[in-house]
Amino acid sequence: MLEKTYKPAEVEARQYQRWEESGAFAAGRDGTGDPFTIVIPPPNVTGSLHMGHALNNTLQDILIRISRMRGRDALWQPGTDHAGIATQMVVERQLAEQGKSRGDLGRDAFVDRVWEWKAESGGTITGQLRRLGASCDWSRERFTMDDGLSAAVRKVFVDLYKQGLIYKDQRLVNWDPKLHTAISDLEVIPREVDGNLWHFRYPIEGALHRHIVVATTRPETMLGDTAVAVHPDDDRYRDLVGRHAILPLVGRRLRIVADDYADPEQGTGAVKITPAHDFNDFEVGRRHDLEMINIFDREARINENAPETYRGLDRFEARKRIVADLDAAGLLEKIDKHRHTVPFGERSDVTIEPWLTEQWYADAKTLAQPAIKAVEDGRTKFVPENWSKTYYQWMRNIEPWCISRQLWWGHRIPAWYGPDGHIFVELDEATAQAAADTHYGKPVELTRDPDVLDTWFSSALWPFSTLGWPEETSELKRYYPTDVLITGFDIIFFWVARMMMMGLHFMKEVPFHTVYMHALVRDEHGQKMSKSKGNIMDPLELIEEYGSDALRFTLTAMAAMGRDIKLSSSRVEGYRNFATKLWNAARFCEMNECQPDPSFDPSKVKSNLNRWIIGETTKAAAAVSDAIDAYKFDQAASAIYQFSWHNFCDWYLELVKPVLQSGEGADRDEARATAAWVMQQQLKLLHPIMPFLTEELWPQFSRPSNEPLITSAWPQLSNDLVDEAAAADLDWVIKTIAAIRGVRSEMNVPPGAKIAAILNGANAETKARYERHGEQLERLARLSGASFDQPVPPGSVQTIVDETTIVMPLADVIDIAQEKARLEREISKLAGEIGKFDKKLGNEAFTSKAPPEVVETQRERRADAIAAREKLEAALGRLSA
């Protein structure tokens, strides 16, 4: 017998262990068909499961589980990312607690220490993915720095270098002055700050008392100015183009150039150009062949390229000194308060500096061309399709990709330098040494490049490196290209685009045919989750309280295409109740001996009620299948929820109860077999979303087979099982019962009171249906009977179903006057609430200043209040009539 209460904590650990130990997750099992492959977006080895992971991996698992049940050779390739900067920081913090630094250990010993940490603590997130129910093939788990993937990274780097697609260059990077490394755009957090806009007067060479005024939020960078730009059509400065200004405090001649970057409508229309410390200025500098003067060292202190008086100053201290000196020189025009965006390091929380430095770059523009064409040709499709526009925009305007990082943990760049700086790029040091000895004609000492590769470089190879490339493995041949990538829109550039580039370049095929972009998981008010707001919802805490299936179903049900998820614990609790309802339905079936009948043929059932539920099961199976195939996960969840909760639990089990409990012979046998068959089908349909609960219930409805649900066959039901006549009959029964129940609820009719209904205007078909189903209708609607086409007694309430007016005499059951007064009070109360919402939403001070999600919540609550008022007004109208 099933336990009285479903206990997720006990069930989930036991079922997951069974699956994993039995090899149910393994790809390449005997008897499977065509491959279906998904590569997991590798979580950082330092990471813990957050709500984005929970959504992303739930959706992947749904696709893997349904493909496995459809007989496909399903491979969900798992693994973790070495997360260069994040992992290095974790270990550096541990060392700091011991009063040490990585410098104290030295590079090799520090890297060894990171590997030790990875062995001890690096499996946290994979354990948490197991808690979620992720059915990855863990026997194939990879790590972006394992031996095989490291070999792939080296080969890609060497090949691209020798093809001229990797090179060294001096360009601006996002420089973190605290971590002393270049970082990616994804690791830069733009933050609004209250600052100043300083306006300085730069003297015009050879024109006494004439100045050109420039404005800046960063006075310290003026030490690196090499030009002033004005718009070509700006008449105010037309005579100055080609002349020079003199840089105050430094004395450098600044060429005045005409460039479209200068906006005549902004400030004075003249812009100071600092090519070594601003990304826009860098491009202006390249267009006009300007000198690029780097005035900062790696800690963002003023270096030797600036006047001696400022050297060694921190950039913010230099800012104060420069403003004071310009003011003293009479060259400070004015200071405006100015709110603007400043880039901060995600991990260091210091202001990021655009810094001119020599780095390794990949020729992304060349690599991007085949990747653009692949999407244009439809070989890879984005879902929702509008994300292809974002992809095109970035790819068609792509910049060189800075692939080097000044870290110790990561894939060290396979480049060595000879005595004269000549670069040797090879797969290993021995090959590089041999090449150098040949180049110089004698043995020489080589020095290895100290940098490591951007983490995204190795991640870009993930779809094929995890399958064994550069070796020509059987797995690579069978499972590449993969089928679907599910990921968040925030890494469309950093990961998706780069996998497309690398996959096409090295495998000559796209890495996946579909990219599904899921939305963000926000809090219940629509705000982005963050530590500072204190609104982070921990998926593990929700799993602990409500079970993994409840969280998975919630995320699936809310994963509407292109719409962010507003998550609340009450929603998860609601779907925990759904799990409980299904458990109770299974117990009801078990107590009523609803066992699978091997000879049961759903096309041969005789009862109208059984034919109806079989048809509804068939419709639900088609709806769930179609929705998942179209990546409409919310619609799949809705279809199975509506079927399980309403059609099966609320209606079928209630309607069939007398047959199961009091019936006999063939009627009861058919009802038992039908109920068992329907349970079997809906457990299959629910399994991809709620795997633990369904697997736990499966043995009760799968006998005599011992096959686990995870590898059982997905329902493929013929449309011939849909009996339209039975569906019309039961649709009428359900509508009629619901209408009567609705009136009883609105009018506060006591649950035990039975009403003698009158059905006026019913046609012959309705009367025949009442004849067939009257007993069920009277039992569930709490009627003492029904008559047709009678006068309407005083104190009656009427409702309409199809062509029939249902009259319910209530004068002897409720106090009509009292009920009218109650409804009027509730309507008045709601009118007051609606008025408050109208006042607030009509207040521009509120709508313009409040966060958009707060305003939207107010609108939603107003709409709910209006709907409730309309419902009560309709009830009052019926009562008055």
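See the structure shown above.
Residues numbered from 1 in each chain as written. Predicted model: local features only at pLDDT ≥ 70, side-chain atom pairs only at ≥ 80, totals over all residues. Heavy atoms only, no water.

Caption draft 1: Looking closely at helix 21 (residues 633-662). With 30 residues, helix 21 should cover 44 Å at 1.5 Å per step; its first-to-last C-alpha distance of 41 Å lies within 8% of that length. Val656 marks where helix 21 bends most, by close to 45 degrees; the proline Pro658 follows one to four residues later. (Helix = DSSP H or I, 4+ residues; strand = E, 2+ residues; numbered from the N terminus. Expected span 1.5 Å × (residues − 1). Bend = angle between axes of the 7 residues up to and from the residue.)

Caption draft 2: A look at empty space enclosed by the protein. One pass over the structure, following the stated rule, counts 1 cavity of 30 Å³ or more. Estimates place the volume of the largest cavity at around 50 Å³. Lining the largest cavity are Leu55, Tyr516, His518, Ala519, Ala559, Ala560, Met561, Gly562, Arg563 and Ile565. Of the residues belonging to the lining of the largest cavity, the class tally is 7 nonpolar, 2 polar and 1 charged. (1 Å grid on protein atoms, 1.4 Å probe; cavity = no way out; pocket = protein on both sides within 12 Å on 5 of 7 lines; lining within 4 Å. Points joined across faces, edges and corners; volume = space filled by probe spheres on them. Nonpolar A, V, L, I, M, F, W, Y, C, P; charged D, E, K, R; others polar.)

Caption draft 3: Molecular detail of the layout of surface pockets. What the second largest pocket holds in volume is close to 1200 Å³. Every residue lining the second largest pocket is counted, 42 residues in all, and those nearest its centre are Thr216, Thr217, Arg218, Asp278 and His340. Counting residues per element, the ones that place at least two in the lining of the second largest pocket are strand 7 (188-203), strand 8 (211-216), strand 12 (270-273), helix 8 (279-288), helix 9 (315-328), strand 13 (332-345) and strand 14 (353-362). Among the residues making up the lining of the second largest pocket, the classes are represented as 16 nonpolar, 17 polar and 9 charged.

Caption draft 4: Representation of the packing of helix 2 (residues 51-69) against helix 18 (residues 548-557). Taken N-terminus to C-terminus, the directions of helix 2 and helix 18 make an angle of 90 degrees; their axes are 9 Å apart at the nearest point. One way to sum up the angle between helix 2 and helix 18 is to call them roughly perpendicular. On helix 18, the residues touching Met51, Ala54, Leu55, Thr58, Asp61, Ile62 and Arg65 of helix 2 are Leu551, Arg552, Leu555 and Thr556. (Axes fitted to C-alpha atoms, helices over the stretch in contact; angles between N-to-C directions. Parallel < 35°, antiparallel > 145°, perpendicular 65-115°, else oblique. Contact = heavy atoms within 4.5 Å.)

Caption draft 5: Spatial organisation of a negative patch on the surface. A contiguous patch of negative charge, built from Asp108, Asp112, Glu116 and Glu120, is present on the exposed surface. Within the secondary structure layout, Glu116 lies in helix 5 (residues 107-121). By relative accessible area, which is 44% here, Glu116 ends up partly exposed. (Patch = residues over 30% accessible without salt bridge, like charges linked within 9 Å, V, L, I, M, F, W, Y side chains within 5 Å. Areas by Shrake-Rupley, 256 points an atom, 1.4 Å probe, with all protein chains shown as cover. Salt bridge = Lys/Arg side-chain N within 4 Å of Asp/Glu carboxyl O. Lys, Arg positive; Asp, Glu negative; His and termini not counted. Charge placed at Lys NZ, Arg CZ, Asp CG, Glu CD. Buried < 20%, exposed > 50% of the residue type's maximum accessible area, 1.4 Å probe, protein only.)

Caption draft 6: Up close: the state of the cysteines. Summed over all chains, the structure comprises 0 disulfides. Left without a disulfide partner, Cys594 is nearest to the cysteine sulfur of Cys589, which lies 4.4 Å away. Overall, Cys594 belongs to the buried group, its relative accessible area being 0%. (Disulfide = S-S within 2.5 Å.)

Caption draft 7: View of the packing of aromatic side chains. Across all of its chains, the model carries 36 aromatic pairs by this definition. Here the aromatic rings of Trp401 and Phe457 are separated by 5.9 Å at their centres, their planes lie at 40 degrees, and the arrangement is tilted. Of this pair, Trp401 sits in strand 16 (residues 401-402) while Phe457 sits in helix 13 (residues 455-459), and the two are 56 residues apart along the sequence. Considered together, Trp401 and Phe457 belong to a single accessibility category, that of buried residues. Measuring from ring centre to ring centre gives 4.9 Å for Phe553 and Tyr575, while their planes differ by 45 degrees; the resulting arrangement is tilted. You can see Phe553 sitting in helix 18 and its partner Tyr575 sitting in helix 19 (residues 569-591), a full 22 residues away along the chain. Note on Phe553: relative accessible area 0%, which makes it buried. Classification of Tyr575 as buried rests on a relative accessible area of 12%. Arg130 extends its terminal NZ or CZ atom over the ring of Trp138, reaching a point 4.1 Å from the ring centre. A cation over an aromatic ring shows up here: Arg191 above the ring of Phe344, its NZ or CZ 4.1 Å from the ring centre. (Phe/Tyr/Trp six-rings, centres within 6.5 Å; stacked < 30°, edge-to-face > 60°. Lys NZ or Arg CZ within 6 Å of the ring centre and 35° of its normal.)

Caption draft 8: Highlighting the sheet that holds strand 20 (residues 447-448). The strand order 19-18-20 describes an open sheet built from 3 strands, whose pairing is antiparallel. Among the strands making up the open sheet, the edge pair consists of strand 19 (423-425) and strand 20. Both strand 18 (residues 415-417) and strand 19 contribute to a ladder of 3 bridges, which runs antiparallel. If you follow Tyr417 over to strand 19, its bridge partner there is Ile423. (Pairing = 2+ DSSP bridges.)

Caption draft 9: Up close: the nonpolar core. By size, the foremost hydrophobic cluster in this structure holds 208 residues, and its most contacted members are Phe553 and Phe648. Beyond its immediate sequence surroundings of up to four residues, Phe553 is in contact with Tyr575, Phe578, Ala637, Ile640, Tyr641, Leu686, Ile689 and Met690. Counting 37 residues, the second largest nonpolar core, distinct from the first, contains Ala207, Met222, Trp355 and Tyr361. (Core = buried A, V, L, I, M, F, W, Y, C linked by side-chain atoms within 4.5 Å.)

Caption draft 10: Focus on the pattern of salt bridges. Under the definition given, this model contains 60 salt bridges. One salt bridge in this structure joins Arg238 and Asp235, with 2.5 Å as the shortest N-O distance. The class for Arg238 is partly exposed, based on a relative accessible area of 47%. Across the pair Glu299 and Arg301 runs a salt bridge whose closest N-O atoms are separated by 3.8 Å. When its relative accessible area of 38% is taken as the criterion, Glu299 is described as partly exposed.

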